[in-house]
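# A look at the structure
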Amino acid sequence: MIEIKNLSKTFKTAGGDVEALKNVNIKVNDGDIYGIIGMSGAGKGALVRCMNMLEKPSEGSVIIDGEDISTLGNRELREARRKITMIFQSFNLLMQRNCLKNICFPLELEGIDRKSAQERARELLEIVGLPDKAEAYPAQLSGGQQQRIAIARALATDPKILLCDEATSALDPKTTQSILSLIKDINKKMGITVVIITHQMSVVEQVCNRVAILDGGEVVEEGEVAKVFATPKSDAAKRLVFPESTDGILEPKPNERRIRVVFNGAKATGSPLIATMAVELGVYANILSASTKTIGEKAYGNMLLGIDGGEKQLEKAMKYLRSIEDIAVEEAN
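To start, this report covers the structure provided alongside it. Since we're looking at a predicted model, the values are computed, not measured.

What counts and how
Residues numbered from 1 in each chain as written. Predicted model: local features only at pLDDT ≥ 70, side-chain atom pairs only at ≥ 80, totals over all residues. Heavy atoms only, no water. Pairing = 2+ DSSP bridges. Helix = DSSP H or I, 4+ residues; strand = E, 2+ residues; numbered from the N terminus. Axes fitted to C-alpha atoms, helices over the stretch in contact; angles between N-to-C directions. Contact = heavy atoms within 4.5 Å. 1 Å grid on protein atoms, 1.4 Å probe; cavity = no way out; pocket = protein on both sides within 12 Å on 5 of 7 lines; lining within 4 Å. Points joined across faces, edges and corners; volume = space filled by probe spheres on them. Nonpolar A, V, L, I, M, F, W, Y, C, P; charged D, E, K, R; others polar. Phe/Tyr/Trp six-rings, centres within 6.5 Å; stacked < 30°, edge-to-face > 60°. Lys NZ or Arg CZ within 6 Å of the ring centre and 35° of its normal. Expected span 1.5 Å × (residues − 1). Buried < 20%, exposed > 50% of the residue type's maximum accessible area, 1.4 Å probe, protein only.

### Observations regarding the sheet that holds strand E8 (residues 193-198)
Strand order across the open sheet formed by six strands is E6-E7-E8-E3-E9-E10, with mixed pairing between neighbours. On the outer flanks of this sheet lie strand E6 (84-88) and strand E10 (218-224), each paired with one strand and no other. Across the sheet, the mean angle separating the axes of adjacent strands is 15 degrees when strand polarity is ignored. Bridge count for strand E9 (residues 210-215) against E10 is six bridges, and the pairing is antiparallel. Across the sheet, isoleucine 213 pairs through a bridge with glutamate 221, a residue of E10. In the packing of helix H6 (residues 173-190) onto the sheet, the strands contacted are strand E3 (33-37), strand E7 (161-165) and E8, and the crossing angle to E8 comes to about 155 degrees.

### A word on the layout of surface pockets
The volume enclosed by the largest pocket comes to roughly 730 Å³. Along the walls of the largest pocket sit 19 residues, with Arg81, Ile84, Thr85, Pro106 and Leu109 positioned nearest its centre. Contributing elements (two or more residues each) for the lining of the largest pocket: E6, helix H3 (99-109) and helix H5 (143-155). If one sorts the elements of the lining of the largest pocket by residue count, E6 sits on top with four residues. Looking at the lining of the largest pocket residue by residue, the class counts come to 10 nonpolar, four polar and five charged.

### Some remarks on the packing of aromatic side chains
Enumeration over the complete set of coordinates arrives at zero aromatic pairs. One residue, lysine 9, lies across the ring of phenylalanine 11, its end atom 5.1 Å from the ring centre.

### Some thoughts on H5
Every α-helix winds through 3.6 residues per turn, so residues three or four apart in the chain are directed the same way. In this model H5 runs 19 Å from its N-terminal to its C-terminal C-alpha over 13 residues, within 8% of the 18 Å that 1.5 Å per residue would give. With 11 of 13 residues buried, H5 is to be regarded as a mostly interior element. Among the residues of H5, Gly144, Gln146, Gln147, Arg148, Ile149, Ala150, Ile151, Ala152, Arg153, Ala154 and Leu155 are the ones counted as buried. Considering only its buried residues, H5 is in contact with E6, H3, helix H4 (114-127), E7 and H6.

Dropping the structure here:
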């Protein structure tokens, strides 16, 4: 388990002190895929670096399996870091080493003999789906392949925690999907706790079970992904979940009410919801804005609907939509 308690981080700069993190409290349970999301400057980078003590917190604690690693000396901290490993947006592979030797590198640092290190490295190449790339060099690989090698290297020392710092930000959507699937598979099969730092809601939506939203160095919302996405409370969460906003949308017409419909993996096949609602219930909806996508046969995203007919029609629409699995509905202001 990871516990972040009352953690603050202040950087001293030529222009004065900068508070990157302010009294952050987060708990990540064993086996979680936990998302930490925020816009640029929210404090995500500072937080992930504090989690493995690449940056020392100004105040507060980072507790891993009951041990406060923020109080450890250098030798003890090196030992504690064996449990925690990290992958980055830029992959950070050693370009002069082939893939096999890149994966062997952390094992060499631990004094593992060459034969054992190479056996482990080849096992990991199988796990990440690149058994034929042992002799290839990073420059010969695609971005997605490089990230798979980086993941294999991160797993070499059998860590308990994998920190992913914007690990898919440099990848195209299709490659991002494959890397997220790999991370999810590793979490399930190897029992590794995963913390994903990202600014992409779609990443959190697809693989995380819990999420914390950072804004201005503070946690402004935290909880199960489905619940936070369905009914965001903070302004920062609403900006992330509903990025299209309602700016530029006309004021409601007389007798029009508005609802937000959030798709959290609802089945995308079958009768169209809006058309069915009109035909079967006589409730007509004007789609004011929409941001949805289909992954497999499931729908994710949200719609803002205008419902004509006042309170009675609003209630009929909300009752109908709420009857459908994995759809959340609330009245929008």
